[in-house]
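Observations on the model geometry
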Amino acid sequence: MAGYGLDLQLEVYGKGEVPDHPFSYEGWEQRAREVLDAGAFGYIAGGAGTEWTMRANREAFYRWRLRPRMLRDVSERDLSVEVLGARSAGPFMLAPVGVLSIAHPEAELAVARAAAATGVPVILSTVSSFTLEEVARESGDAPRWFQLYPGRSPELNRSLVERAERAGYSAVVITLDTTMLGFRRRDLENAYLPFLKGEGVANYFSDPIFRARLKEAPERDPEAAVRAFLEVYVTPDLTWDDVNAVREATSLPVLVKGITHPEDAREAVRQGVEGLVVSNHGGRQVDGAVAALDALPKVVEAVGGSMPVLFDSGVRSGADALKAVALGATATLVGRPYAYALAAAGESGVRRVVRSLLAEVDLQLALSGYRSVRELGASSLLDARD
Ligand SMILES: Cc1cc2nc3c(=O)[nH]c(=O)nc-3n(C[C@H](O)[C@H](O)[C@H](O)COP(=O)(O)O)c2cc1C
Ligand SMILES: CCCCCCC(=O)C(=O)O
């Protein structure tokens, strides 16, 4: 009868003390705003251009209404999902969020510990603040994936995925939508780009192939090494050939992240990747682009069940995750929610956010009449536009 929801309620109400942390996304965002400087906060919070797409990501959720069912005996519930062999306690994974040292000194190490403790897999960014090996050590046996930004050097791409495979990451997520940074007004106004200060480059600076490209070691000439990183990173000429070169370099399943167009989804099926992520990068790349949730149904249709379809951009609550799953997502990724919690309260903040999400999914699921997220489908929702 117990479960994530009831456990959390009993703990909080049982103590009878006002908790020292929020339970809402907005609460964590506010805490992060209080502790971070304007540049770091703006980098995490911001979107591209007018930030219309970032807002649209949220508004898209409001158009869908859950339709609770009654009297269906939901005393036994299973929130877990399995994606390409990685089991998660709920329909969530922690999205790749780069350069987390701007949020907290323990950055991805704290996130990896929190993910392992709560049973939710983490996807480590290429541009992490600690090396992928250091993060793997904090993860222990917990499932983890590696996100790759394929750079201009096929040898370096190969080296990064080989390192990830050796370090126990069990899938590679290739992000397609950030071949260069979007037009981010907040960062321009704050003149804030953390990579220029040598943040978020740990995987490159520790890589033998990257180091071999440099005249001087990064420890001796960090500015030149950062320049070399930027040269490798920017890839407007990226094509499916680059994706396939990465696939040939690894035996791990490969997913592509950043799909919103059904034609791209069909191409992903033709190319034979193992999964995709419907995402507009949290509205950080193309202003005016379709809200990710609005793009989801057509992508799901195009994929036709041939591979897992993950979803991100705008998930803030258990209800949001259930809506995305009802629209066909296998699971969701959350980005800013845990980045803010990390900034405000380190590892324990990330744990609390994940626990809250799990508790909310559990209660929402039970009160909507479902025993498992797998039971959700089109009939679980009402489109408010109809
Ligand atoms: C500060 C920040 C850094 C990010 N860094 C990466 C990254 O390194 N690699 C990547 O694939 N996506 C990155 N993303 C995008 C997330 O993986 C994810 O798509 C997005 O945050 C989801 O939207 P949400 O923040 O609304 O949950 C980043 C997002 C933020 C907010
Ligand atoms: C020049 C490096 C850019 C890394 C982009 C990180 C990211 O995905 C984001 O900020 O969004």
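Report follows, based on the coordinates. A quick note: this is a predicted structure, and the numbers were derived from the prediction, not measured.

1. Points about the overall build of the chain
Each helix and strand counted, the chain has 16 helices and twelve strands in total. Whereas a compact globule of 386 residues would reach a radius of gyration of roughly 21 Å, the chain reaches 20 Å, a difference of no more than 12%. Considering only C-alpha atoms, the chain reaches an extent of 70 × 50 × 40 Å along its principal axes. Counting across all 386 residues of the chain, residues that qualify as buried make up 52%. When contacts within the chain are restricted to residue pairs at least 6 apart in sequence, those whose partners lie at least 24 apart make up 74%.

2. What to know about the packing of helix H2 (residues 25-35) against helix H16 (residues 336-367)
Two numbers describe how H2 lies on H16: the axes approach to 7 Å, and their chain directions differ by 110°. With respect to H16, the axis of H2 lies roughly perpendicular. Taking contact as the criterion, the partners of Tyr25, Trp28, Glu29, Arg31, Ala32 and Val35 in H2 are, on H16, Pro337, Tyr340, Ala341, Ala343, Ala344 and Val353. Along the lines of polarity and charge, the residues of the contact of H2 with H16 split into ten nonpolar, no polar and two charged.

3. A word on the site of ligand 1
Near ligand 1 there are 23 residues, and of these Gly98, Ser125, Thr175, Gly282 and Gly335 occur at the shortest range. The set of elements that each furnish at least two residues to the shell around ligand 1 consists of helix H3 (38-45) and H16. Across the shell around ligand 1, the residue classes break down as nine nonpolar, eleven polar and three charged.

4. Notes on helix H5 (residues 107-118)
Between its terminal C-alpha atoms H5 stretches 17 Å, which fits the 16 Å expected from twelve residues at 1.5 Å a residue. Within H5, ten of the twelve residues are buried, which leaves it mostly tucked inside the rest of the structure. Among all positions in H5, only Ala107, Glu108, Leu109, Ala110, Val111, Ala112, Arg113, Ala114, Ala115 and Thr118 are buried. Next to the buried residues of H5 lie strand E4 (92-94), strand E5 (122-124), helix H6 (132-139) and H16. Positive phi appears at Gly119, one or two residues downstream of H5, with a value of about 75°.

5. Describing the environment of Val256
Looking at the element boundaries, Val256 is found in strand E8 (residues 254-259). Here Val256 falls in the buried class, since 24 other C-beta atoms lie within 10 Å of it. As a C-alpha pair, Val256 and Arg270 span 14 residues in sequence and 13 Å in three-dimensional space. In this view, Val256 contacts Ile174, Leu176, Val243, Ala268, Val273 and Leu276; residues no more than four positions away in its chain are not counted.

6. Things to note about helix H7 (residues 154-166)
Residues lying three or four places apart along an α-helix face the same way, a consequence of the helix completing one turn every 3.6 residues. In a regular helix each residue adds 1.5 Å, so 13 residues correspond to 18 Å; H7 covers 18 Å between its end C-alpha atoms and thus fits that length. Every buried residue of H7 is accounted for by Leu156, Asn157, Leu160, Val161, Arg163 and Ala164. The arc that holds the buried residues of H7, viewed along the axis, is 155°, so those residues lie on one side.

7. Thoughts on the packing of helix H15 (residues 318-326) against H16
Where H15 meets H16, the axes come as close as 8 Å, and the angle between the chain directions of the two elements is 60°. The two elements H15 and H16 meet at a crossing, and its hand is right-handed. Between H15, through Gly318, Ala319, Ala321 and Leu322, and H16, the contact on the second element is made entirely by Leu357, Glu360, Val361, Gln364 and Leu365. Taken together, the residues of the contact of H15 with H16 sort by class into six nonpolar, two polar and one charged.

What counts and how
- Residues numbered from 1 in each chain as written.
- Chains lettered and ligands numbered in written order.
- Predicted model: local features only at pLDDT ≥ 70, side-chain atom pairs only at ≥ 80, totals over all residues.
- Helix = DSSP H or I, 4+ residues; strand = E, 2+ residues; numbered from the N terminus.
- Rg over C-alpha atoms; globule rule 2.2 N^0.38 Å.
- Buried ≥ 20, exposed ≤ 12 C-beta atoms within 10 Å, placed from the backbone.
- Contact = placed C-beta atoms within 7 Å.
- Axes fitted to C-alpha atoms, helices over the stretch in contact; angles between N-to-C directions.
- Parallel < 35°, antiparallel > 145°, perpendicular 65-115°, else oblique.
- Nonpolar A, V, L, I, M, F, W, Y, C, P; charged D, E, K, R; others polar.
- Near = placed C-beta within 6 Å.
- Expected span 1.5 Å × (residues − 1).
- Arc of directions from axis to C-beta.
- Left-handed = near helix turned anticlockwise from the far one by under 90°.

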